There are 2 protein chains.
Amino acid sequence: MPECVCAALRMATRAVTQIYDDAMRPSGLRVTQYSLLARIARLQPVNAATLEDEMYADQTTLARALKVLEKDGLIRRVPNPDKRVKQIELTQAGRKRLVDARELWAAAQADIVGLIGDAAWKDTRTRLVRLLDAVAER
Amino acid sequence: MPECVCAALRMATRAVTQIYDDAMRPSGLRVTQYSLLARIARLQPVNAATLEDEMYADQTTLARALKVLEKDGLIRRVPNPDKRVKQIELTQAGRKRLVDARELWAAAQADIVGLIGDAAWKDTRTRLVRLLDAVAER
DNA sequence: TATGGATACATGCGTATACATGTTTTATCC
DNA sequence: GGATAAAACATGTATACGCATGTATCCATA
């Protein structure tokens, strides 16, 4: 594991992403798509800017991620008085896909948390929160 | 910060990557390229498979990352008896680029570690090591 | 020694990511 | 009310990432 904070995070991310993506393959969703869809489900109707803030992701990254979900018919744009705003919500197919994928996600999550232990994950997560907070307030 | 191990890691990775990339921009290297170049420098002459193992990255990901460094004239392929093997080493330009970038990387690293504290980073890193080890041995 | 399998890497494809920049719509201010 | 600035999103480009698959080379063995 490298000393570089970024390289270390990227390495762990590569390893972990593969576990989730592999587990979730039958659902037709990658873990990134699942996470985004789940977030939309919680916040809907929600605009792109809100998701960007929540996810600490670039506007252009979100725009294209949303385009994929839209192409697959999992989300749709809802009319909005301010025509600049992309207000979105889940479609019926999106809700179904999310339900179908949830247990696959949960299995992968339980698998990984089981490997290191729940307390260790809670601790790791707290560390990531502090790191993100520090970077965000910089 | 999400409960999902993967989403949490990706979020932190996005935030941290931007700090490094921003700091390193004058060098013409992204942090991912810098990390790879630095690793090659330590291991050279080294083949792609070794780097894959070290970085826990897919073979195809490495192949394309190397292609970029090669296109920029920072690494070159060295003759090898086994013609399947892509044995690589730094070029003169690669060594110079690495030296020039090193202090930019160090400044970003010091910046981030300074934000959370050295002890906190050591702890975080240990957590990431355990996570990676657990996933790798799964 | 011919050949089938294994090894090491390359390529096609699609998503993830972000910078620079463009477009559309709304808000502001004289 | 019109010019201008700001807000919100879209697009061009390039790298990061990995699955499925292809290609070249090497090795083992009949």
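What comes next concerns the included structure.

Criteria and thresholds
Residues numbered from 1 in each chain as written. Chains lettered and ligands numbered in written order. Predicted model: local features only at pLDDT ≥ 70, side-chain atom pairs only at ≥ 80, totals over all residues. Heavy atoms only, no water. Disulfide = S-S within 2.5 Å. Near = heavy atom within 4 Å. Polar contact = N/O pair within 3.5 Å; in protein donor to acceptor, adjacent residues only side chain to side chain. Helix = DSSP H or I, 4+ residues; strand = E, 2+ residues; numbered from the N terminus. Contact = heavy atoms within 4.5 Å. Buried area = accessible area lost by both parts, 1.4 Å probe. Salt bridge = Lys/Arg side-chain N within 4 Å of Asp/Glu carboxyl O.

Let's shift gears to the state of the cysteines. Tallying each qualifying case throughout the model produces zero disulfides over all chains. Free of any disulfide, Cys6 of chain A has its nearest neighbouring cysteine sulfur in Cys4 of chain A, separated by 5.3 Å.

Another point: the protein's contact with DNA strand C. DNA strand C sits among 30 residues. The nearest are Thr32 of chain A together with Gln59, Thr60, Arg64 and Arg84 of chain B. Within 4 Å of the protein, the contacting atoms of DNA strand C are drawn from sugar and phosphate to the extent of 61%. Between a sugar or linking oxygen of DNA strand C and a side-chain N or O atom of Arg10 of chain B, the distance comes to 3.1 Å. Side-chain polar atom of Gln59 of chain B to a base nitrogen of DNA strand C: 2.7 Å apart, as the coordinates give it. Mapped by element, the contributors of at least two residues to the surface near DNA strand C are α2 (31–43) and α4 (59–71) of chain A together with α1 (5–24), α3 (48–55) and α4 (59–71) of chain B.

What follows is about the interface of chain B and chain A. Counting from both sides, the interface comprises 48 residues of chain B and, opposite them, 48 residues of chain A. Across the chain B/chain A interface, buried area totals approximately 4800 Å², and carbon plus sulfur atoms make up 71% of it. Of all residues in chain B, Met1, Arg127 and Arg138 of chain B give up the largest surface area on contact with chain A, accounting jointly for 12% of the area buried on that side. Remark: the boundary between chain B and chain A carries six salt bridges. A salt bridge links Asp123 of chain B to Arg127 of chain A; its shortest N-O distance comes to 2.9 Å. Applying the counting criterion to the chain B and chain A interface returns 25 residue pairs in polar contact (both at pLDDT 80 or more).

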